[in-house]
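Structure at a glance
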Amino acid sequence: MKKRIGLLYGGKSAEHEVSLSTARAVTQALNFNEYDVFPIYITQEGEWRKGNQLVAPIDTIEQLQFENTTNQSLPNNISSFLPSHQEIDEESLDVIFPLLHGPNGEDGTVQGLLEVLNLPYIGNGVLASSAGMDKVVMKQLFTIAGLKQVPYVHFIRREWRNDQSFWLGKIEKELAWPLFVKPANLGSSVGISKASNQEELIEAVDLALKYDRKIVIEQGINAREIEMGVLGNDTPKCSVPGEIKPLKAFYDYQAKYKDGNTAMIIPAVVSKEVEATLQDNAMKAFKVLDCSGLVRADFFVTENDEVLINEVNTLPGFTPFSMFPLLWQHTGVNYSELIDQLIELAIERHTEKQ
Ligand code: ADP
Ligand code: MG
Ligand code: MG
């Protein structure tokens with residue numbers, strides 16, 4: 001029997017457009033002889049629109065936005081929308097593929113909604129998604145797993161406002177310049193800045209506080225950036241490593257998604273020992289966050305071959321030109337096979353949970 005796949009894309013986050021490109025690419029990679037594909041589009045305003053079953057891969061993003069979807073808003077009428085996915089046909093969908101990034105996409109909230117609906121979905125569950133979205137919680141879990149990281153300090157808005165000089169003192173004592181200032185709960189480098197002195201630090205904190213009440217200040221490191229793909233549930237596998245070479249000061253949103261201003265080197269040229277450490281650390285990160293399906297684990301590798309984990313991304317960029325699919329391509333799993341495997345893993349996880 002054909003599997004019924006719901007593609008959930010768009011969303012209110014800054015990565016709306018990336019999500020649309022990903023959804024288009026996924027329709028082009030899915031085998032329509034094996035799958036019935038149903039679009040579910042979340043507009044930039046947060047309105048949910050369900051689509052008619054796709055009869056062919058999608059060429060233009062507009063088709064995904066307008067032509068195929070009806071105006072059916074969710075927030076006010078969850079109860080009328082959600083059972084209606086069953087009206088699409090007699091049966092429910094077999095798997096939802098959330099192709100959303102950022103808050104309300106990969107932070108566990110949508111995953112929670114899908115849990116409540118008892119719908120199998122691709123990728124990480126509620127716990128891994130939300131722990132992976134909060135850089136402070138993630139770092140604390142990495143420490144428990146024994147993973148090396150850059151030194152950091154964190155605080156919430158109120159703590160900073162109440163006693164800024166205490167925090168400035170603590171930061172200067174514990175960390176060395178330059179620093180990276182980050183909102184705890186975003187991705188794609190949004191709200192992140194580099195600070196080389198106290199004045200820049202205060203400015204950077206003010207900016208980051210616009211995005212989040214929780215802030216992480218990290219010691220800057222001069223290192224290569226190497227990323228690993230992990231795929232699986234209880235017995236995950238690791239991809240070859242890939243290196244990101246930003247052609248800008250640091251790897252920001254513009255460089256990541258707009259300019260194509262980065263080079264990807266796959267496989268990354270590293271020693272056998274470094275590759276083994278990267279694999280071991282990627283697995284430990286996957287385990288300690290209780291991940292499932294997929295994760296991209298991002299590392300810093302210093303001149304002396306020291307490996308430090310930077311973060312994991314629980315719904316990594318997933319266009320055919322994104323690091324995660326390319327890492328698997330070089331490991332022997334092409335884009336279509338990767339999607340097939342993720343669908344199988346989603347069903348496996350759902351079955352084993354019950
Ligand atoms: P995001 O979740 O937004 O991708 P990251 O923590 O990965 O946030 O930071 C974005 C980019 O900023 C990294 O890919 C890296 O280029 C740079 N960066 C972040 N933290 C540091 C650091 N401590 N030292 C040096 N560069 C950093
Ligand atoms: Mg991230
Ligand atoms: Mg990152």
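Sequence order as written defines the numbering, with residues in each chain counted from 1. Lettering of chains starts at A and numbering of ligands starts at 1, both following the order in which they are written. Reporting of local features is limited, given that this is a predicted model, to residues whose pLDDT is at least 70; pairs of side-chain atoms are given and counted only at 80 or more, and all residues count toward the totals for whole chains, interfaces and linings. Side-chain numbers come from the whole structure's heavy atoms, not from hydrogens or water.

Notes on the pattern of salt bridges
Any Lys or Arg side-chain nitrogen found within 4 Å of a carboxyl oxygen on Asp or Glu counts as a salt bridge. In total, this model carries 14 salt bridges according to the counting rule given. When the shortest N-O distance is used, the salt bridge between Lys148 and Glu306 registers 3.8 Å. Note that Lys148 is positioned in the loop between helix 6 (135-144) and strand 5 (152-156) and Glu306 in the loop between strand 13 (293-301) and strand 14 (307-313), a separation of 158 residues in sequence. Between buried and exposed lies partly exposed: a residue is buried under 20% and exposed over 50% of the maximum accessible area for its type, with that area taken using a 1.4 Å probe on protein chains only. The class for Lys148 is partly exposed, based on a relative accessible area of 45%. For Glu306, a relative accessible area of 34% gives the class partly exposed. One salt-bridge network, in which partners are shared between bridges, spans Lys139, Lys182 and Glu218. By definition, any uninterrupted DSSP run of H or I lasting at least four residues is a helix, any uninterrupted run of E lasting at least two residues is a strand, and each is numbered from the N terminus.

Describing helix 11 (residues 272-288)
With 17 residues, helix 11 extends 24 Å between its outermost C-alpha atoms, agreeing within 8% with the 24 Å of an ideal straight helix rising 1.5 Å per residue. Within helix 11, burial applies to Val274, Leu278, Asn281, Ala282, Ala285 and Phe286. Axial view of helix 11: buried residues confined to an arc of 140°, hence all on one face. When the buried face of helix 11 is taken as reference, the exposed residues oriented beyond 90 degrees from it are Lys272, Glu273 and Lys287. Contacts were defined at the residue level, with two residues in contact if any of their heavy atoms lie within 4.5 Å. On the buried face of helix 11, the contacting elements are helix 6, strand 9 (224-232), strand 10 (237-238), strand 13 and strand 14. Asp290 sits one or two residues past helix 11 and shows a positive phi near 55°. Residue count minus one, scaled by 1.5 Å, sets the expected span of a helix. This arc corresponds to the set of directions leading from the helix axis out to the C-beta atoms.

A few points about the side chain of Asp134
Within the fold, Asp134 resides in the loop between helix 5 (126-133) and helix 6. Here Asp134 falls in the buried class, since its relative accessible area comes to 9%. Within the local environment of Asp134, its side chain forms a polar contact with the backbone nitrogen of Val136, the two atoms lying 2.9 Å apart. There is a polar contact of 2.8 Å between the side chain of Asp134 and the side chain of Lys214. Setting aside chain neighbours within four positions, we find Asp134 in contact with Ala184, Asn185 and Lys214. Think of a polar contact as two N or O atoms within 3.5 Å of one another; within protein, one of them needs to be a possible hydrogen donor and the other a possible acceptor, and neighboring residues in sequence only count if both atoms come from side chains.

Side note on the confidence of the model for the protein chain
Overall, the prediction assigns the protein chain a mean pLDDT of 89, with 88% of residues at 70 or greater. Every residue in residues 73-81 is under pLDDT 50, and counting partners more than four places away or in other chains gives 13 contacts. Values of pLDDT, which run from 0 to 100, indicate the predictor's confidence residue by residue. Throughout residues 83-90 the model reports pLDDT below 50, and contacts reaching past four residues in sequence, or to other chains, amount to 12 contacts. Listed scores for the predicted complex are pTM 0.91 and ipTM 0.99.

Observations concerning the coordination of the magnesium ion (ligand 2)
When four donors bind a metal tetrahedrally, each ideal donor-metal-donor angle is 109.5 degrees, and when six bind octahedrally, the ideal angles are 90 or 180 degrees. Counted as coordinating are nitrogen, oxygen and sulfur atoms within 2.8 Å of the metal, or 3.2 Å for Na, K and Ca, while water is not included, which may make sites look incomplete. Around the magnesium ion (ligand 2), the protein contributes the donor atoms Glu311 (OE), Glu311 (OE) and Asn313 (OD1), at 2.2 to 2.6 Å from the metal centre. Separating the magnesium ion (ligand 2) and the magnesium ion (ligand 3) is a distance of 3.7 Å, and Glu311 donates to both of them. On the accessibility criterion, Asn313 (14% relative accessible area) is buried.

Points about the sheet that holds strand 5
Each strand in a sheet pairs with another by means of backbone hydrogen bonds, the pair being arranged parallel or else antiparallel. Read from one edge of the open sheet, four strands run 5-8-6-7, paired in antiparallel fashion. The open sheet is flanked by strand 5 and strand 7 (193-195), the only strands paired with a single partner. Pairwise comparison of adjacent strand axes, ignoring direction, gives a mean angle of 25° for this sheet. All axes are obtained by fitting lines to C-alpha atoms, using only the stretch in contact for helices, and the reported angles, taken between N-to-C directions, cover 0 to 180 degrees. The strands touched by helix 6 are strand 5, strand 6 (179-183) and strand 8 (214-219); relative to strand 8, the strand with the most contacts, the crossing angle is about 50°. At least two bridges found by DSSP between two strands is the condition for calling them paired.

Considerations on the nonpolar core
For this analysis, a nonpolar core means a set of buried residues of the types Ala, Val, Leu, Ile, Met, Phe, Trp, Tyr and Cys, connected via side-chain atoms within 4.5 Å. In terms of nonpolar packing, the biggest core is built from 34 residues, with Val26, Phe97, Phe318, Ile339 and Leu342 touching the most fellow members. For this core, the elements supplying multiple residues, two or more each, are strand 1 (3-10), helix 1 (16-29), strand 2 (35-42), helix 2 (61-67), strand 4 (95-99), helix 12 (323-331) and helix 13 (335-353). With sequence-adjacent residues up to four places away left out, Val26 is seen in contact with Leu7, Phe97, Leu99, Phe318, Tyr335 and Ile339. By size, the runner-up hydrophobic cluster in this structure holds 25 residues, among which are Val230, Leu289, Phe299 and Val312.

Overview of the packing of helix 1 against helix 13
Their axes nearest at 9 Å, the elements helix 1 and helix 13 cross at an angle of 95°. On the basis of their axis angle, the class for helix 1 and helix 13 is roughly perpendicular. Facing Thr22, Ala25, Val26 and Ala29 of helix 1, the residues of helix 13 in contact are Tyr335, Ser336 and Ile339. Residue composition of the contact of helix 1 with helix 13, grouped by class: five nonpolar, two polar and no charged. In this scheme, roughly parallel covers angles under 35 degrees and roughly antiparallel covers those over 145, while 65 to 115 is roughly perpendicular and the rest are oblique. Any residue that is not Ala, Val, Leu, Ile, Met, Phe, Trp, Tyr, Cys, Pro, Asp, Glu, Lys or Arg is counted as polar, Gly included; the first ten are nonpolar and the last four charged.

Side note on a negative patch on the surface
A contiguous patch of negative charge on the surface is contributed by Glu199, Glu200, Glu203 and Asp206. Mapped onto the fold, Asp206 is located in helix 9 (residues 198-211). Each patch groups residues whose relative accessible area exceeds 30% and which form no salt bridge, using 9 Å between like charges and 5 Å between nonpolar side chains of Val, Leu, Ile, Met, Phe, Trp and Tyr. With residues, only the protein chains shown are counted as cover, and all accessible areas are computed by Shrake-Rupley using a 1.4 Å probe. Positive charge is attributed to Lys and Arg, negative charge to Asp and Glu, and no charge count is given to His or to the chain ends. We put the charge of a Lys on NZ, of an Arg on CZ, of an Asp on CG and of a Glu on CD.

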